[in-house]
Amino acid sequence: MLTIKERQTYLKKYGFYTGKVDGIEGPLTKKAYLALQKKYFVRKTDIDGIYGLNTDILLVNLHRVKTYTKNFELKEFRCGCKGKYCTGYPEYLSIQMLKNLQATRNWLKRPVSVRSGLRCIRYNAKLKGSSPKSGHLKGKAVDMYSYPKSLTAKGRKQIIAYFKKLPGYYYAYQGTSNMGFSTHLEVKE
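Attention here is on the structure that accompanies the text. (Residues numbered from 1 in each chain as written. Predicted model: local features only at pLDDT ≥ 70, side-chain atom pairs only at ≥ 80, totals over all residues. Heavy atoms only, no water.)

A count of helices and strands for the protein chain gives 6 helices and 4 strands. Helices and strands appear in the protein chain in the N-to-C order α-α-α-α-β-α-β-α-β-β. For 189 residues, the compact-globule estimate of 2.2 N^0.38 gives 16 Å, and the C-alpha radius of gyration of the protein chain, at 17 Å, lies within 12% of that figure. Referenced to the eigenvectors of the C-alpha coordinate spread, the extents of the protein chain come out at roughly 55 × 30 × 25 Å. Each of the 189 residues in the protein chain was classed as buried or not, and the buried ones make up 47%. (Helix = DSSP H or I, 4+ residues; strand = E, 2+ residues; numbered from the N terminus. Rg over C-alpha atoms; globule rule 2.2 N^0.38 Å. Buried < 20%, exposed > 50% of the residue type's maximum accessible area, 1.4 Å probe, protein only.)

So, on to the side chain of Thr104. Turning to its location among the elements, Thr104 is positioned in helix α4 (residues 95-108). Ignoring any residue separated from it by four or fewer positions in sequence, one finds Thr104 in contact with Ile159, Tyr162, Phe163 and Leu166. (Contact = heavy atoms within 4.5 Å.)

If you walk through the whole model with that rule in mind, you get 5 salt bridges. Linking Glu73 and Lys66 is a salt bridge whose minimum nitrogen-to-oxygen distance equals 3.5 Å. Here Glu73 falls in the partly exposed class, since its relative accessible area comes to 44%. Across the pair Glu189 and Lys140 runs a salt bridge, and its minimum N-O distance is 3.9 Å. With Glu189 in the segment after β4 (183-187) and Lys140 in the loop between α5 (121-126) and β2 (141-145), this residue pair connects regions lying 49 residues apart in the sequence. For Glu189, a relative accessible area of 63% puts it in the exposed group. (Salt bridge = Lys/Arg side-chain N within 4 Å of Asp/Glu carboxyl O.)

So, on to the sheet that holds strand β3 (residues 169-174). Reading across from one edge, β1-β2-β4-β3 is the order of the 4 strands in this open sheet, with antiparallel pairing throughout. For this open sheet the edge positions go to β1 (113-116) and β3, each flanked by a neighbour on one side alone. Across this sheet, the average inter-strand angle for adjacent strands is 30 degrees, counted without regard to direction. With 4 bridges connecting them, β2 and β4 associate as antiparallel partners. Paired with Asp143 across the two strands is His184, which belongs to β4. Across the sheet, helix α6 (residues 153-164) lies against β2, β3 and β4, angled at about 180 degrees from β3, the strand it touches most. (Pairing = 2+ DSSP bridges. Axes fitted to C-alpha atoms, helices over the stretch in contact; angles between N-to-C directions.)

These figures come from the coordinates and say nothing about function on their own.
Rendered as C-alpha cells:
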C-alpha cells in the first residue's frame, strides 16, 4: 500500500487534494479519498472515504495510466461488471501492459479502444469462452480495437506481430466470436 505521503502526492497531482504533503491523514486527505472514490467507483458501498486496499488499487492504477500512457483514461480499463460484483478496479494494472498498449497505439497512429480491460472473477466466469486464468484478472491483458486495421484478419495479425516484438510479451490472439474485431494482448508481468 502507498504511504500517506505517496497518497497525498498522487491525489494532489491528479486534482483531488489541496493540502500539504505532510504524511498526516487529516480531514483534507480523507476528503480527497472520498472525491477519488466518487469519481471512479460505481457502487455507493465502495464510496466511504476510507483508504483500504480497493482505494489503493484505484489510486495506483490512476497513477500508472497517467504515467505510462498518453492516450488512455483509467475508466477505459474498468471491469465490465459495471459495479455489480466489484469496485470496477479489482487488480493493479501491469505497467508493462500499459507501456505496450501505448506503444501499439503509437505504432498504429490511430485511436485504440479498450474493449475489455480489468475483470473481476465473477464477471470473467460469466463470459463465454473466458479462461479462469485470464490475464484480465491480473491486470496483464486487454482486448483492443483500432479502426480500420482491426476490421480484417490480416490487420489483426499485423497488430499481433507488432505486439509480439514488445518487452514482456506473453500471449496474443485474434478475437473469437464473442470478441468481434478485437485483439487480445497480454504480457507476462
